[in-house]
Protein chains: 2
Amino acid sequence: MLALTKKTDYALVALAYLARRGRSVTSSREIAAGSGVPCAMLTNILKCLTHAGLVTSERGSRGGYALAVEPGDITLHCLMTAIEGPSHVVRCMIPGQSDAGSACLLEKSCPVREPAKNVYNRLRKFLEGISLAELGVRVSQPVVTRVDSDQSPASLVGI
Amino acid sequence: MLALTKKTDYALVALAYLARRGRSVTSSREIAAGSGVPCAMLTNILKCLTHAGLVTSERGSRGGYALAVEPGDITLHCLMTAIEGPSHVVRCMIPGQSDAGSACLLEKSCPVREPAKNVYNRLRKFLEGISLAELGVRVSQPVVTRVDSDQSPASLVGI
DNA sequence: TTGATACTGCACCGATTTAGTACTATATAG
DNA sequence: CTATATAGTACTAAATCGGTGCAGTATCAA
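Here, residues in each chain are numbered from 1, in the same order as that chain's written sequence. Here every chain gets a letter starting at A, and every ligand a number starting at 1, in the order they are written. Residue-level local features of this predicted model are given only where pLDDT is at least 70; pairs of side-chain atoms are given and counted only at 80 or more, and the full residue set underlies all totals for whole chains, interfaces and linings. Excluded from the side-chain calculation are hydrogens and water; included are all heavy atoms of the structure.

Undergrad: Is there a simple way to think about the protein's contact with DNA strand D in this case?
TA: Being near a molecule or strand, for a residue, means having at least one of its heavy atoms within 4 Å of it. Looking at DNA strand D, there are 27 residues lining it, with S28, S57 and R59 of chain A together with K6 and N44 of chain B nearest. Across the atoms of DNA strand D situated within 4 Å of the protein, the share located in sugar and phosphate is 68%. Definition of a polar contact: a pair of N or O atoms within 3.5 Å, with one able to donate and the other able to accept a hydrogen when the atoms are protein atoms, and with sequence-neighbouring residues admitted only if both atoms are side-chain atoms. At 3.5 Å, a side-chain N or O of Y10 of chain B approaches a phosphate oxygen of DNA strand D. A distance of 2.7 Å is found between a base oxygen of DNA strand D and a side-chain nitrogen or oxygen belonging to N44 of chain B. We count a stretch as a helix when DSSP gives it H or I for four or more residues in a row; a strand needs E for two or more, and each element gets its number in order from the N terminus. At the level of secondary structure, the elements contributing two or more residues to the surface near DNA strand D comprise α2 (28–35), α3 (39–51), β1 (55–58) and β2 (64–67) of chain A together with α1 (6–20) and α3 (39–51) of chain B. In terms of residue count, the dominant contributor to the surface near DNA strand D is α3 of chain A (four residues). Of the residues that constitute the surface near DNA strand D, the class distribution is five nonpolar, 13 polar and nine charged. Each residue is assigned to one of three groups, with Ala, Val, Leu, Ile, Met, Phe, Trp, Tyr, Cys and Pro labelled nonpolar, Asp, Glu, Lys and Arg labelled charged, and all others, Gly among them, labelled polar.

Undergrad: Where do I start with the pairing of β2 of chain A in this structure?
TA: Regular strands show a simple pattern: their side chains alternate between the two faces of the sheet. All names here are of chain A. For the exposure calls, accessible area comes from a 1.4 Å probe over protein chains only, and a residue counts as buried if that area is under 20% of its type's maximum, exposed if over 50%, partly exposed in between. Here β2 shows two buried faces, one formed by G64 and A66 and the other by Y65 and L67. For two strands to be treated as a pair, DSSP must find at least two bridges joining them. Judged from the four bridges that link them, β1 and β2 form a sheet pairing that is antiparallel. Each bridged residue has a counterpart across the sheet, and for E58 the counterpart in β2 is G64. As consecutive antiparallel partners, β1 and β2 are separated by five residues, and within that stretch G60 has a phi angle of approximately 75°, a positive value.

Undergrad: Help me understand the packing of α3 of chain A against helix α4 (residues 76–84) of chain A, please; the structure alone is not making it clear to me.
TA: When two helices pack together, you describe them by how their axes are tilted relative to each other and by the distance separating the axes. Residue and element names in this part refer to chain A. In contact at an axis separation of 8 Å, α3 and α4 are set at 120° when each is read in the N-to-C sense. When the interaxial angle is binned, α3 and α4 end up oblique. Handedness of the crossing formed by α3 with α4: right-handed. Listed contacts from α4 to I45, C48 and L49 of α3 are L79, A82 and I83. Of the residues in the contact of α3 with α4, the class split is six nonpolar, no polar and no charged. Fitted lines through C-alpha atoms serve as axes, helices being fitted only where they are in contact, and the angles separating the N-to-C directions of these axes extend from 0 to 180 degrees. Throughout, the term roughly parallel applies to angles under 35 degrees, roughly antiparallel to angles over 145, roughly perpendicular to angles from 65 to 115, and oblique to all others. By the definition used in this description, the sense in which the near helix is turned from the far one sets the handedness, with an anticlockwise turn below a right angle giving left-handed and a clockwise turn giving right-handed. Whether two residues are in contact is decided by their heavy atoms, any of which lying within 4.5 Å being enough.

Undergrad: What is the right way to look at the pattern of salt bridges in this model?
TA: In a structure, side chains of opposite charge can pair up when their charged atoms sit close to one another. Here a salt bridge means any side-chain nitrogen of Lys or Arg lying within 4 Å of a carboxyl oxygen belonging to Asp or Glu. One pass over the full model with this rule turns up eight salt bridges over all chains. For E128 of chain A, the salt bridge identified is with R124 of chain A, shortest N-O distance 3.5 Å. In this pair, E128 of chain A and R124 of chain A both sit in helix α5 (residues 113–128), four residues apart, roughly one turn of the helix. Judged by its relative accessible area of 35%, E128 of chain A is partly exposed. R124 of chain A gets classed as partly exposed once you look at its relative accessible area, which sits at 24%. Here E134 of chain A and R122 of chain B are joined by a salt bridge, their closest N and O atoms 2.8 Å apart. Taken together, the positions of E134 of chain A in the segment after α5 and R122 of chain B in helix α5 (residues 113–128) put the pair across two chains. On the basis of relative accessible area, E134 of chain A is assigned to the partly exposed category, the value being 33%. Under the relative-accessibility criterion, R122 of chain B is labelled partly exposed at 31%.

Given below as C-alpha cells:
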C-alpha cells in the first residue's frame with residue numbers, strides 16, 4: 001500500500017481547518033466539529049502533530065491548538081512521519097532494525113535491497129517535495145501571532 | 001505507510017530470480033529454493049503475477065513460470081497493482097467506492113480531496129517511472145524463448 | 001492408460017497493524 | 001476552587017497482511 005492511513009488523512013483535514021482559522025488558538029472540540037474528524041481520534045492526532053512541532057498547543061481553559069508553521073513549509077513526508085512514524089520501502093530497511101535477528105533470509109546476498117534503498121530515497125524526496133499548501137491547506141486570514149477573540153468559527157468545511 | 005508489503009517484496013525477489021534464469025521455464029519449487037521465498041507464499045504470488053501478465057505459466061510436469069516481459073518494461077506501479085490491487089492515496093478515492101454509502105462525512109465539501117487526487121496522480125506517475133530493471137532485476141543470460149535443460153540451477157541469491 | 005508433476009482457485013487461520021475509545025494527570029483562566 | 005482543555009497512556013475492536021492447505025485440472029512420460 002502506498003495509501004495514507006486514515007489517521008494521516010484526518011490529520012490533513014484537521015490541519016486544513018486549522019489553517020482556515022488563521023493562527024488563532026482553536027480547541028480540539030471545535031476542530032472536530034468544524035472538520036468532521038471524530039473528536040476522540042482527533043485528540044490523539046493533535047498530540048502527534050504537537051510532538052512533531054507542526055502545531056503548538058496551549059493547555060487550560062481557552063487552550064487549544066494553532067499551526068506552528070506555514071502550510072507551505074510542511075511536507076507530506078513530514079506529516080506522514082509525524083503520524084505514522086519513520087517510513088521505509090522494504091522491511092529489511094526499517095530504521096534501527098536492519099541487523100536485527102529477525103532479518104530476512106536473504107540478508108546481504110539479496111539482489112533487491114540496494115536498489116530498493118535507492119528507490120526509497122527517491123520516493124522520500126518526492127514526498128518531501130509536496131507541501132500541505134499543495135494539498136489544499138491554505139491560511140485563509142492574514143496570519144496573526146495570537147488571537148483571543150472567537151471570531152467567526154463558521155465551519156468552512158461544513159458538516 | 002508507503003512501504004511495499006512483504007508479498008510485493010517477495011514478488012520482486014522472485015522476479016529477480018526468474019530474470020537470472022533467462023526466460024527458461026522454472027518451477028515454483030526451484031524459484032522458492034533459489035530465491036529464498038517460502039514456497040507456499042510464492043505459489044500465491046506467482047498466481048497474481050500470472051494474472052497480471054507479468055509472467056507466463058505452463059502446467060503439467062516440466063511446467064513452471066517464465067518472465068513474460070522485459071524487466072525494463074515492468075514498472076513498480078504495475079507490480080504493486082498486481083500484488084496489492086488498485087492503489088489509492090486517500091480512502092475516499094478507492095476505485096469504485098467513491099460514492100459508496102460508507103463514504104466519509106466530509107463528502108463533497110472536503111477541501112483535501114481534490115488536491116489529494118492530484119498528488120495521487122503524481123505519485124502514480126512516479127511509480128510508473130521506476131522499472132524493475134532499476135530495482136536490480138536483470139536478465140543475466142541471452143534471452144532464449146524456451147529452454148528445457150536444467151542448466152545450472154545454482155542459487156545465485158545464495159541462501 | 002496410469003502415475004507423477006506442477007499450476008489454479010479458493011478457503012482458512014493466526015499475527016500484525018490500524019482505528020477508535022477511555023481514563024487519569026496536569027495546566028490555565030476566572 | 002472549579003471548569004475547561006491538553007498530555008500521556010493503556011486498552012479493545014476491526015481490518016489487513018502473512019502464511020498454509022487442499023481439491024481440481026493440465027501436461028508429460030512411462
